[in-house]
Amino acid sequence: TNLSATGLSTLLLELPHRELGGKLTPWDDVLRMAKLCREEGVMFHCDGARLFEAGAGYGLSLAEVAAPFDSIYVSFYKGLGGIAGAMLLGDERFCSQARIWLRRF
């Protein structure tokens, strides 16, 4: 496999899958995807709008669920019941770039 040769820069995985009724990708598959992304130089992003539910579904801590990903989106109102808000998490370089793109839109 040579993902980077395809021009792919990021693989996005939604946890849990909203369109599939909240089903979770098997954890071993998540880890295999993360390993492949690391080997191929492809970033691995989690659309974790409902990340807290994913942690409960896997029986893992939030830190364990977050560990395989380079970046994560977490919602405060989906599942948590907050009025509004979200977080985009990643390393310092990623967050600096995200701030620039946020201002563009």
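Residues numbered from 1 in each chain as written. Predicted model: local features only at pLDDT ≥ 70, side-chain atom pairs only at ≥ 80, totals over all residues. Heavy atoms only, no water.

Student: How should I be thinking about the overall build of the protein chain in this particular structure?
Tutor: Helix and strand counts for the protein chain come out as 4 helices and 4 strands. Dimensions along the principal axes, computed over C-alpha positions, put the protein chain at roughly 40 × 35 × 25 Å. Within the protein chain, buried positions represent 28% of all 105 residues. Within the protein chain, residue pairs in contact and separated by at least 24 positions form 58% of the contacts whose partners lie at least 6 positions apart. If you average the places of the 11 positive and of the 12 negative side-chain charges in the protein chain, the two averages end up 6 Å apart. (Helix = DSSP H or I, 4+ residues; strand = E, 2+ residues; numbered from the N terminus. Buried < 20%, exposed > 50% of the residue type's maximum accessible area, 1.4 Å probe, protein only. Contact = heavy atoms within 4.5 Å. Lys, Arg positive; Asp, Glu negative; His and termini not counted. Charge placed at Lys NZ, Arg CZ, Asp CG, Glu CD.)

Student: Would you explain the sheet that holds strand S3 (residues 71-75) in this entry?
Tutor: Strands pair in a sheet through their backbones, by hydrogen bonds, and they do so in one of two ways: parallel or antiparallel. Strand order across the open sheet formed by 4 strands is S1-S2-S3-S4, with mixed pairing between neighbours. Looking along the sheet, the strands with just one partner apiece sit at the ends: strand S1 (10-14) and strand S4 (86-90). Neighbour-to-neighbour, the strand axes of this sheet turn through a mean angle of 15 degrees, independent of strand direction. With 5 bridges connecting them, S1 and strand S2 (residues 43-47) associate as parallel partners. Looking at S2, one finds that Thr-10 is bridged to Met-43. Taken strand by strand, helix H1 (residues 27-40) contacts S1 and S2, and its axis lies near 145 degrees from that of S2. Taken strand by strand, helix H4 (residues 92-104) contacts S3 and S4, and its axis lies near 135 degrees from that of S4. (Pairing = 2+ DSSP bridges. Axes fitted to C-alpha atoms, helices over the stretch in contact; angles between N-to-C directions.)

Student: Any chance you could explain unusual backbone geometry here in plain terms?
Tutor: Most of the time, phi is negative for any residue but glycine, and the peptide bond is trans. Following Leu-15, the chain continues to Pro-16 via a peptide bond in cis, the omega torsion being -15 degrees. Counting through the fold element by element, Pro-16 comes out in the loop between S1 and H1.

Student: Help me understand the environment of Ala-86, please; the structure alone is not making it clear to me.
Tutor: Position of Ala-86 relative to the elements: it lies in strand S4. Classification of Ala-86 by relative accessible area gives partly exposed; the value is 41%. For the pair formed by Ala-86 and Phe-76, sequence separation is 10 residues and the distance between their alpha carbons is 5.3 Å. If we skip the residues at most four places from it in the chain, Ala-86 touches Tyr-73, Val-74, Ser-75 and Phe-76.

Student: Is there a simple way to think about the pairing of S3 in this case?
Tutor: Each regular strand displays side chains that alternate between the two surfaces of the sheet. The element S3 is extensively covered by neighbouring structure, given that 4 of its 5 residues are classed as buried. The pairing of S2 with S3 spans 3 bridges and is classified as parallel. What sits directly across from Cys-46, in S3, is Ile-72. Across 5 bridges, the pairing between S3 and S4 is antiparallel. Across the sheet, the residue bridging to Tyr-73 is Leu-88, located in S4.

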